[in-house]
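Here is what each chain is made of, one letter per residue.
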Amino acid sequence: RVETHTFSNVDDNTKLAECLEQIAQDKFDVVFTTGPEMLPESLKAAIKYPELKILNCSLNVSTSHVRTYYARMYEAKFITGIIAGSLCEDGRIGYVADYPIYGTTANINAFAMGAKFVNPRAKIYLEWSKVKGSDPKKRFKELGISYVSDKDMITPLTASREFGLYSCDGNEISNLAMPFYNWRVFYEKIVQLILDGNWKLEEKNEKVKVLNYWWGMSSDVIDVICSEDLPRGTGRLTGLLRSSIRSGSFRPFDGPVYSQGGKLQCPEGDSLQPGAIITMDWLAENIVGREPEFDELTTEAQRLVQLQDMEIDETEKSEN
């Protein structure tokens, strides 16, 4: 019932626009554009070809023309923070973030809160890889930090052992855990939703003007792969918390939650809601570091940050 095609090396707006035009002309039914930088061209195509169902991989986009999807990576980050906090004896842990965009701050804070959950002395030293002149590896070496949370995903062009959560002893790296996106599950669920006719039902719901799919461990879109070398107790604890997050009986951002300076962000008995998690603009109290200023970012990072901040509704009006 389903035929799929993949379009690769669509790495600029001109190529993407041409690709989407061809997809529409070839009468495809659904297209997934797999990065937030693809949103503007996706929006143009959706307005021009309203019969084409377009979903873009990004967060916090308020448009009725393109549905967006992302994964609750912060749930997995909380688990890897638990592992780091339980293994790091001196409590000093490094964290490498890339782009200061929606979702990134939640990931950082969840990791920090996970580490503090098992180790009250845990301090997370935050570095940004997309800041001009940044060298997180050198910085962590100067600080004597041996446990690091780095990029979530490796690709053939950037393959190294420096991904997920790892420990480093000199030049020797031991991988401990890795957050995992299971996009296959997400794509299958969305396609099944369309085949079952539920896409149209969602469109008819007048209360729902914008649809963003933001799924996590409970839907199997997110998980954590752990090393078999983890201590038995750590493995049992992470397994218990994974099950609790899946069932909804435990949430990483249950209160009390404090930010830097001891400011209360969520009182005891409450839990941060999805909108507050997505748009976080503060860092947890046990984080050493800050979010970078716009002019400190590389040109590539500046473009992506500007894209995330653009006013989608105004783009829709201009395209109409």
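Here is a short report on the structure shown in this document. Nothing here was measured: the structure is a model prediction, and the numbers come from that model.

The rules behind these values
Residues numbered from 1 in each chain as written. Predicted model: local features only at pLDDT ≥ 70, side-chain atom pairs only at ≥ 80, totals over all residues. Heavy atoms only, no water. Helix = DSSP H or I, 4+ residues; strand = E, 2+ residues; numbered from the N terminus. Buried < 20%, exposed > 50% of the residue type's maximum accessible area, 1.4 Å probe, protein only. Contact = heavy atoms within 4.5 Å. Areas by Shrake-Rupley, 256 points an atom, 1.4 Å probe, with all protein chains shown as cover. Lys, Arg positive; Asp, Glu negative; His and termini not counted. Charge placed at Lys NZ, Arg CZ, Asp CG, Glu CD. Expected span 1.5 Å × (residues − 1). Pairing = 2+ DSSP bridges. Right-handed = clockwise from strand over helix to strand, strands pointing away. Phe/Tyr/Trp six-rings, centres within 6.5 Å; stacked < 30°, edge-to-face > 60°.

1. Digging into the overall build of the protein
Helix and strand content of the protein: 11 helices and 13 strands. When each of the 320 residues of the protein is scored for burial, the buried share is 48%. When contacts within the protein are restricted to residue pairs at least 6 apart in sequence, long-range pairs at least 24 apart make up 66% of them. Put simply, the protein shows about 17,100 Å² of open surface, and 47% of that area lies on carbon and sulfur atoms. Averaging the locations of the 36 positively and 47 negatively charged side chains of the protein gives two centres separated by 3 Å.

2. Some words on helix 4 (residues 104-118)
The end-to-end C-alpha distance of helix 4, which contains 15 residues, comes to 22 Å, matching closely the 21 Å that a straight helix rising 1.5 Å per residue would cover. For helix 4, a buried count of 12 out of 15 residues is recorded, marking the element as mostly surrounded by other parts of the structure. Those residues of helix 4 not exposed but buried are Thr-104, Thr-105, Ala-106, Asn-107, Ile-108, Asn-109, Ala-110, Phe-111, Ala-112, Met-113, Gly-114 and Ala-115.

3. Topic: the sheet that holds strand 13 (residues 287-288)
Taken in spatial order, the seven strands of this open sheet run 10-8-7-6-4-5-13, and their pairing is mixed. The open sheet has two edge strands with one neighbour each: strand 10 (222-226) and strand 13. Bridge count between strand 7 (residues 165-169) and strand 8 (residues 172-181): five bridges; the pairing is antiparallel. Paired with Ser-167 across the strands is Ser-174, a residue of strand 8.

4. With respect to the pairing of strand 2 (residues 53-57)
Taking burial as the measure, the five residues of strand 2 include five buried ones, the bulk of the element. Direction of pairing for strand 1 (residues 30-33) relative to strand 2: parallel, over a ladder of four bridges. Within strand 2, the position partnered with Phe-32 by the bridge is Leu-55. Crossover handedness for the path strand 1 to helix 2 (residues 39-48) to strand 2: right-handed.

5. Let's talk about the packing of aromatic side chains
Counted by the stated rule, this structure contains 20 aromatic pairs. Geometrically, the ring pair formed by Phe-78 and Phe-117 is edge-to-face, given 5.9 Å between the ring centres and 65° between the ring planes. One end of the pair, Phe-78, is in helix 3 (residues 73-87); the other, Phe-117, is in helix 4, and 39 residues separate them in sequence. Judged by relative accessible area, Phe-78 falls into the buried class, the value being 1%. A residue is classified by how much of its surface remains accessible, and Phe-117, at 47% relative accessible area, is partly exposed. On the numbers, 5.8 Å between centres and 70° between planes, the contact of Phe-186 with Tyr-187 is edge-to-face. Judged by its relative accessible area of 24%, Tyr-187 falls in the partly exposed class.

6. Here's the deal with unusual backbone geometry
Omega for the peptide link from Gly-255 to Pro-256 comes to 5°, which places this bond in the cis form. Assignment of secondary structure puts Pro-256 in the loop between helix 8 (232-247) and strand 11 (257-259). Here Asn-9, not a glycine, exhibits a phi torsion of approximately 60°, which is positive. With respect to the secondary-structure elements, Asn-9 resides in the segment before helix 1 (13-25). Residue Lys-27 is not a glycine yet carries a positive backbone phi of 65°. Here Lys-27 shows up in the loop between helix 1 and strand 1. For Lys-27, a relative accessible area of 64% puts it in the exposed group.

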